[in-house]
Each structure stands twice: as C-alpha cells, then as structure tokens.
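Analysis of the macromolecular model
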Amino acid sequence: MTSIGFVGLGIMGKPMARNLIKGGHTLFLHSRSGVPDELLKLGGNACSSPGEIAQNADIVITMLPDTQDVEQVLFGTNGVVEGLRSELSDTKRKSSIAGRIVMDMSSISPIETRTFAAAINKLGHDYVDAPVSGGDIGAMNATLTIMVGAKEPVFEKIRPVLELLGKTITLIGENGAGQVCKIANQIIAALTIEAVGEGLLFASKAGADPAKVREALMGGFASSRVLEVHGERMIKRAFEPGFRIELHQKDLNLALSNARALGISLPNTAAVQQMFNACIAHGGAKLDSAAMIQVLENLSNHKINDSTQNSQKESN
C-alpha cells in the first residue's frame, strides 16, 4: 500500500480521500477548513501544512478550487515543494515508489500546469495533472471520469490509485493534456446544462409536465447525464452543490482565455459564461450549476415547476 497525501477536503476531496483510505492506503490530510472527523476516525492523519504532507507521502494529491490555490499549496510558505526538499532518513521513510509524485486533480490552467510540472520535475519528482468529471456523486461512488496528463510510466504507477477513485481513466498525453481535456468537458457540460434548461422551460411554458418530458427524453437521442442529473435538480429546485456555479464560471473563463491564445472562437461558450455571470450577480455563486435555470426563468417570467398553475390560469 502507498502513503498518500491529500490537500483539499471539500465537496469532492472529502469523499475521494475516504475512498483511498477504504482502499487500504495510509492518508496524510490537510485542508484550510480542517480535516473532517469522519476521515480521522477512518484512520487518516491530520497534517499542519502541505509541506508536512509532502514529507510523509509517496504521492501528494491536490484537489483545490483554482490555479492560484494550487500554486500557493505547491510553492508557497510551508508548501509541498518545501516538504519535497526536506531530507528524511531511510529508517523514517521507506518509499515504495522511486521518487515522489505530485498529482493535481483540480481544474486549472493548462499553461500554468505545464509550468508547475517543470518546476516539480526540476526537483527530481514527477508531476501529474488528473482533473475529474462526475461531480460529488461520482466522487462518493468512485465512478469519476479521470483525464490524465503524465508520462506513460508515471501513469502506470498511479493507475491503481486512480482506480479507487474513478471508473473511466484515460491518459490523454503529456503534462497539461489532462487539463485541456477537462476544459473541453466543461464547455460541453455547460452548454448542455443550458440546453436542458431551455428544453424544460419550453415544455413547461407550453403546458407539458417537465418531469414527464424529462422522463421521455431520457429514452431518446437527447438523453444525457446532464439531462438525468441536472434536469432532475432543475425540476425539484435542488440547487445545493454539486458543482458550484462560481467554479463552472471559472472553468469557462479558462476556456475563453485559452481560446483567445489559440486564436479560435467559442461563441456559445461565451454566451453561457455570461449566463453564469448573471447567476452570480443574483447571488447564486454557491449554488449548483443547475441553478442556471433561474436565469432562463427570469428571462421568460416563468418557472418550470409552475406548468400546472399556468394551465389552470389559461383555462380560467
């Protein structure tokens, strides 16, 4: 079994760390908000800093909100790099892996990821970018989709660890490729969430039951994981995250900034990013991405769960 450090124990990180502990690994844990008691009771070890984690772990995993958070944890005071530079005696630490591996599973800038990787490589350690898709449900059920940027030999070393976290694990390419894939995922997810919202809003305003419409569409060509999960959240007004709007907005900002650097146009991505901006302006930053429906409802002056009342008003 491998000793693993895990930094970032939020909605995604906490269940991921739990699955690694249940998989038999020794976990060293750190989070700005403190290590949850649940993980300590399972055998996790609380550390005072990312640096302390790096001193004890063969693999250091970060699961953080944004690029600057990852940079601070890796290179800031008491960061991972300080721990990597610490010399530990062979009697104190017997590593099962030659060299240590830093694996960032956050969704951040591909450009900065390559910079981080180069700095870690220069110290003699390996770097992996392995962002995930599947949300809190995937994290809890260990069914995440994991998009990996790494050298192939390093990928093979970490594969058993990733198999405790996800169901679909793909080596996309060298460092940064995993983050590129994740941005593509976020573009598709965001545009599909918006499309599901429009479809359910149309159905409701036209007098159909949006829940039954969703049920029917799940058996047709419009079926998708977004229609299944986010469509249900829209209908039930279940907007607890999940994946927060402010984080999805951040990912679309990454998509658009990288698109500018590449000289390509992503017009619908830009439109949906503006809708996320509107959600945040109305106080929805911490809500699930499915809460985008509220912006569409405001534009149409109609809520999708009001179809019955709407039909009654028209009949009167």
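Our subject is the structure listed above.
First things first, this report covers the structure right here in the doc. (Residues numbered from 1 in each chain as written. Predicted model: local features only at pLDDT ≥ 70, side-chain atom pairs only at ≥ 80, totals over all residues. Heavy atoms only, no water.)

Some thoughts on the nonpolar core
Of all hydrophobic cores here, the largest spans 33 residues; its most connected members are F6, M105, I146 and V148. Taken together, the elements giving at least two residues each to this core come down to strand 1 (3-7), helix 1 (13-22), strand 2 (26-30), strand 4 (59-62), strand 5 (101-104), strand 8 (144-149) and helix 8 (152-162). No other element matches the 5 residues that helix 8 contributes to this core. Those residues in contact with F6 that sit more than four places away from it in its chain are G13, M16, A17, L20, L27, F28, L29, H30, I53, I61 and M63. Within the second largest apolar cluster, 23 residues are counted, among which are A190, I193, L227 and I293. (Core = buried A, V, L, I, M, F, W, Y, C linked by side-chain atoms within 4.5 Å. Buried < 20%, exposed > 50% of the residue type's maximum accessible area, 1.4 Å probe, protein only. Helix = DSSP H or I, 4+ residues; strand = E, 2+ residues; numbered from the N terminus. Contact = heavy atoms within 4.5 Å.)

A look at unusual backbone geometry
Of the consecutive residues P241 and G242, the connecting peptide bond is found in the cis state with omega at 10°. Take G242: it is sitting in the loop between helix 11 (225-236) and helix 12 (245-262). For N78, which is not glycine, the phi torsion reads 60° and is therefore positive. With respect to the element layout, N78 can be found in the loop between helix 4 (67-75) and helix 5 (80-85). Even without a glycine there, the phi angle at A142 is positive, about 60°. Structurally, A142 can be placed in the loop between helix 7 (135-141) and strand 8.

Distances and angles like these do not, on their own, reveal function.
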